[in-house]
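Residues per chain are reported as follows:
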Amino acid sequence: QVQLVESGGGLVQAGGSLRLACAASSGRTFSSYAMGWFRQAPGKERDFVAAISGGGTITYYADSVKGRFTISRDNVKNTVYLQMNSLKPEDTAVYYCAARHASVTRNVGEYEYWGQGSQVTVSS
């Protein structure tokens, strides 16, 4: 079992930045989990944003955020981050952190554990 707690969401103007954090607690070594960030806007499906391998050497990004968002992790602090720059109104959504005890993937259905979500609102 893994418990995930997101923080760092909020309201920001277009062009601004936010950093989300996701703290994990588990009986297993944090580095054995691939981590992902997903987002869900009202009335829409939950979409992939970014993912990172357990060792942090492999990262994936959705085309819509490539060059603006950066995923990273600190395996000592058991935390994964999502740095979001040049934010746009269309980035507005609830952002979810997710974990899987396997290799990194973009597929939302393959993640086993989920956080409660953090609201990000970008005003124009």
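Here, the structure is the one placed above.
Residues numbered from 1 in each chain as written. Predicted model: local features only at pLDDT ≥ 70, side-chain atom pairs only at ≥ 80, totals over all residues. Heavy atoms only, no water.

**Some details on the sheet that holds strand β8 (residues 79–84)**
Within a sheet, neighbouring strands are paired by backbone hydrogen bonds and run either parallel or antiparallel to one another. Strand order in the open sheet formed by four strands is β1-β3-β8-β7, and the pairing between neighbours is antiparallel. Sheet topology places β1 (2–7) and β7 (69–74) at the edges, where each strand pairs with a single neighbour. Each strand axis lies, on average, 15° off the axis of its neighbour in the sheet, ignoring direction. Pairing of β1 with strand β3 (residues 18–26) involves six bridges; the strand directions are antiparallel. Paired with E6 across the bridge in β3 is C22. (Pairing = 2+ DSSP bridges. Helix = DSSP H or I, 4+ residues; strand = E, 2+ residues; numbered from the N terminus. Axes fitted to C-alpha atoms, helices over the stretch in contact; angles between N-to-C directions.)

**Comments concerning empty space enclosed by the protein**
Summed over all chains, the structure comprises one cavity of 30 Å³ or more. The computed volume of the largest cavity comes to approximately 40 Å³. Around the largest cavity, the lining residues are V2, A24, S25, S26, R28, F30, Y33 and N78. Each residue belonging to the lining of the largest cavity can be placed in one class, and the counts come to four nonpolar, three polar and one charged. (1 Å grid on protein atoms, 1.4 Å probe; cavity = no way out; pocket = protein on both sides within 12 Å on 5 of 7 lines; lining within 4 Å. Points joined across faces, edges and corners; volume = space filled by probe spheres on them. Nonpolar A, V, L, I, M, F, W, Y, C, P; charged D, E, K, R; others polar.)

**Quick look at the packing of aromatic side chains**
Counted by the stated rule, this structure contains five aromatic pairs. Taking the centre distance of 5.8 Å and the plane angle of 70° together, the rings of F38 and F48 count as edge-to-face. Placement of F38 in strand β4 (residues 34–40) and of F48 in strand β5 (residues 47–52) is noted, with a sequence separation of 10 residues between them. For F38, a relative accessible area of 0% puts it in the buried group. Judged by relative accessible area, which is 16%, F48 ranks as buried. Ring geometry for F38 against W114: centres 5.1 Å apart, planes inclined by 55°, an arrangement best described as tilted. A residue pair is termed long-range when its members are at least 10 positions apart, and F38 in strand β4 and W114 in strand β10 (residues 113–114) qualify at 76 residues. The structure contains a cluster of three or more aromatic residues connected by ring pairs, namely F38, F48, Y96, Y111 and W114. R46 extends its terminal NZ or CZ atom over the ring of W114, reaching a point 4.8 Å from the ring centre. We note R73 situated over the ring of F30; from NZ or CZ to the ring centre the distance is 4.4 Å. (Phe/Tyr/Trp six-rings, centres within 6.5 Å; stacked < 30°, edge-to-face > 60°. Buried < 20%, exposed > 50% of the residue type's maximum accessible area, 1.4 Å probe, protein only. Lys NZ or Arg CZ within 6 Å of the ring centre and 35° of its normal.)

Everything listed here is a matter of geometry and, on its own, says nothing about what the molecule does.
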